[in-house]
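Single-letter residue listing:
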Amino acid sequence: MNELLTRDPGSFRDPAGYVFLDQNRVIRAVTQTAWQEFREIYQSGIFEILARKGLMVDCRQIEASQEELSTFLGARGEQIVAVFEHPRIPFISYPYEWTFSQLKDAALTHLDLQLIAFEHGFVLSDATAYNIQFLSGRPIHIDCMSLRRYSEGQVWEGYNQFCRQFLLPLLIEAWSGCAFQPMLRGSLEGISFSDALAILPRFQLFTSPSALMHVYLHGKAINTKSASATGLQSATKLRAGSYKAILKQLRDFISGLKSRKRPVSFWNDYAFSNSYSESMRRTKLSFVKQWAASCKPKMLLDIGGNTGDYSLAAVDGGADSCVILDSDLDSVDIAYLRFKNSGTQIFPLLMNFLDPTPDMGWRQCERKGIESRARADGVIALALIHHLVISGNVPLRDAVHWIMGMAPKGIIEFVPKQDPMVTGLLSTREDIYTDYTEEMFREAVTARGRIVLEHSIEENGRLLAAYETL
Amino acid sequence: MIRYLTFAVLIMLGFTSQAQAYIDPVTGSVIIQSLIGAFAVVLVALRGFRDRIVGIFRTKSESEDEDDQQSTSES
């Protein structure tokens, strides 16, 4: 059963169980220590309830013989006593690649799940944002082993983690106008209370009862003297009503947050302010659609995809699913809100390929860099190459080969120096880009593959080249 | 009401000692939960109360609208 299954290097923290992966399957292996409790939870039917509401991934036990089970081994050498299967998430993403709306929806999903689980006598043992993934554009919890039986008087163990990984980043963007993603990328544990208290505006912090409780009072308790902590040990029981009230109150608070303070970027208006006319735009859309219809990619990457017009054309043409990777927060947020309830398999993420997400966490295996996650069979890179070459000083050949390395088939748009967008980039710097010509572009493509379809846009001299690698 | 509660908590916090030593962050988070929980119960109750009042007025205005529409159509 598990010849090709290997333990996910990021699955090691919880000795209750581990995740094993191969190309298509996600298997959760449960150890002896957790089996009795997990079996009771599984048999209670709570997983079906949560899955039906779209809050948690399906969890189905699979039959396995003793011999098959013995081939699994936990991170601490534990024997595995039962295995379960989950659907595979097509594209794993992390909170520092999400926009405000995505993180907010993820936070609300976590709280909704907790509230429903609580009604049935269960709680989540942690509140890590990394347990939320996006499936068909909607956030969903992926760790069924986080679910535990609630016992009267117990506190919310994930409260601190929830605040650091959901609430504080959202408040920092909503109230201070700072992008939270670089901070989350800088610390996998989440944003510290001391940093948040230094960043958040005092007036709102002290006049909002929710912020006063969850941020100021909470942060103060974390940094208080140990003597006080000993004195307050007797107060560590939490009544069921209070537990539920914290969840409900946080839900009310977060659902009302809006990202209004961050300055609006140039790029979210790009679809209207670029250098091509409506007829050129239609030509480009039809080129993408025609290409997608001919090669029908299962997973398409749209690098620099802005608000997703060309992703939509590709999906309309026949691409199964598409991930937009763009460095502009506003564009990604617009794309997320545009597609999340549309039923199309288009999912946008924040990504700057001149500063891409690296491998991080324990032994740099826990959270993977973007290139090892981006398993695609098609790529479109439209109006991107000039940013890599001119803004990023990447050699043209290197930029072309990097794009072609992302997928065996794709479209690259070459934007010549006379195009107003490139002229604008060159107006503030010396033109040292001698390799940036259409001839060199064609040479770079043909060194690794061949151009199978091309279209020159006469009005601005751009070239759309569909390639296949050798 | 909420503002008064906020103000009361602020005064309460004004008498607590400043942060001087580090303890396990989760410990602090656990210890404070009963206080935050009690505060949250009050806020959720107030919110429920407010929603009920708003609901009553909304129902009244909706039924008045319906009455208006009916009388307009009858006339």
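Along every chain, residues carry numbers that run from 1 in the direction the sequence is written. Chain A is the first chain written and ligand 1 is the first ligand written, with later ones labelled in order. Owing to the predicted nature of the model, reporting of local features is limited to residues with pLDDT of at least 70; listing and counting of side-chain atom pairs is limited to 80 or more, with chain, interface and lining totals taken over all residues. Water and hydrogen atoms were dropped before computing side-chain values, which therefore reflect all heavy atoms in the structure.

1. Remarks on the overall build of chain A
Let me state the cut-off plainly: Each helix is a run of H or I in the DSSP string that is no shorter than four residues. Each strand is a run of E no shorter than two, and both are numbered from the N terminus. Think of it in three bands: with a 1.4 Å probe and only protein chains considered, a residue is buried below 20% of the maximum accessible area for its type, exposed above 50%, and partly exposed in between. In what follows, residue pairs with any heavy atoms lying within 4.5 Å of each other are defined as contacts. Here the accessible surface of atoms and residues is derived via Shrake-Rupley with a 1.4 Å probe, and residues count as covered only by protein chains that are part of the display.
For chain A, the helix and strand inventory stands at 20 helices and 16 strands. When its C-alpha atoms are laid out on the principal axes, chain A stretches across 75 × 60 × 35 Å. The proportion of buried residues among the 470 residues of chain A is 57%. Long-range contacts, defined as pairs at least 24 residues apart, comprise 71% of the intrachain contacts of chain A with a sequence gap of at least 6. Just so you have it, chain A exposes about 19,600 Å², and 50% of that area is on carbon and sulfur atoms.

2. Here's the deal with the sheet that holds strand β16 (residues 462-469) of chain A
All names here are of chain A. Just so we agree on the cut-off: Here, any two strands with at least 2 DSSP bridges between them count as paired. Every axis corresponds to a line fitted to the C-alpha atoms, with the helix fit spanning only the stretch in contact, and the corresponding angles, defined between N-to-C directions, vary from 0 to 180 degrees.
Pairing is mixed across the open sheet formed by 7 strands, whose spatial order is β12-β11-β10-β13-β14-β16-β15. The open sheet is flanked by β12 (346-350) and β15 (449-457), the only strands paired with a single partner. Adjacent strand axes in the sheet meet at a mean angle of 20° when their direction is disregarded. Here strand β10 (residues 299-303) pairs with strand β13 (residues 378-381) via 3 bridges, running parallel. Across the sheet, the residue bridging to Leu-300 is Gly-378, located in β13.

3. Regarding the packing of aromatic side chains
All names here are of chain A. Inclusion rule: Each pair of aromatic rings taken from Phe, Tyr and Trp, with Trp reduced to its six-membered ring, is defined by centres within 6.5 Å and is described as stacked if the planes are under 30 degrees apart, edge-to-face if over 60, and tilted in the remaining cases.
This model, assessed by the stated rule, comprises 23 aromatic pairs over all chains. Here the aromatic rings of Phe-134 and Tyr-336 are separated by 5.8 Å at their centres, their planes lie at 85°, and the arrangement is edge-to-face. Highlighted residues: Phe-134 in strand β7 (residues 132-135) and Tyr-336 in helix α15 (residues 329-339), separated in sequence by 202 residues. Look at Tyr-336 and you get buried, because its relative accessible area is 1%. One aromatic cluster is present, formed by Trp-35, Phe-38, Tyr-42, Phe-47 and Phe-84 through successive ring pairs.

4. Concerning the packing of helix α4 (residues 100-119) of chain A against helix α5 (residues 159-176) of chain A
All names here are of chain A. Where we set the bar: Put simply, angles under 35 degrees are roughly parallel, angles over 145 are roughly antiparallel, angles from 65 to 115 are roughly perpendicular, and the rest are oblique. What makes a crossing left-handed is the near helix being turned counterclockwise from the far one by less than a right angle; a clockwise turn instead makes it right-handed. Each residue is assigned to one class: nonpolar for Ala, Val, Leu, Ile, Met, Phe, Trp, Tyr, Cys and Pro, charged for Asp, Glu, Lys and Arg, and polar for all the others, Gly among them.
Where α4 contacts α5, the two axes come as close as 10 Å, and the packing angle between them is 140°. Compared by their axis directions, α4 and α5 come out oblique. Along this stretch, α4 crosses α5, giving a crossing that reads as left-handed. Across the interface between the two elements, Phe-100, Leu-103, Lys-104, Ala-106, Ala-107, His-110 and Leu-111 of α4 pack against Phe-162, Gln-165, Phe-166, Pro-169, Leu-170, Glu-173 and Ala-174 of α5. Its residues assigned to classes, the contact of α4 with α5 shows 10 nonpolar, 2 polar and 2 charged.

5. Let's talk about the pattern of salt bridges
All names here are of chain A. Basically, it comes down to this: Whenever Lys or Arg places a side-chain nitrogen within 4 Å of a carboxyl oxygen from Asp or Glu, that contact is recorded as a salt bridge.
Summed over the entire model, instances satisfying the criterion amount to 26 salt bridges over all chains. Where Arg-282 meets Glu-278, a salt bridge forms, and the shortest distance between an N and an O atom there is 3.6 Å. Pair noted here: Arg-282 and Glu-278 are both in helix α13 (residues 278-295), with a separation of 4 residues, about one helical turn. Given a relative accessible area of 42%, Glu-278 falls into the partly exposed group. Taken together, the shared-partner salt bridges in this structure form one network comprising Glu-278, Arg-281, Arg-282, Asp-309 and Arg-338.

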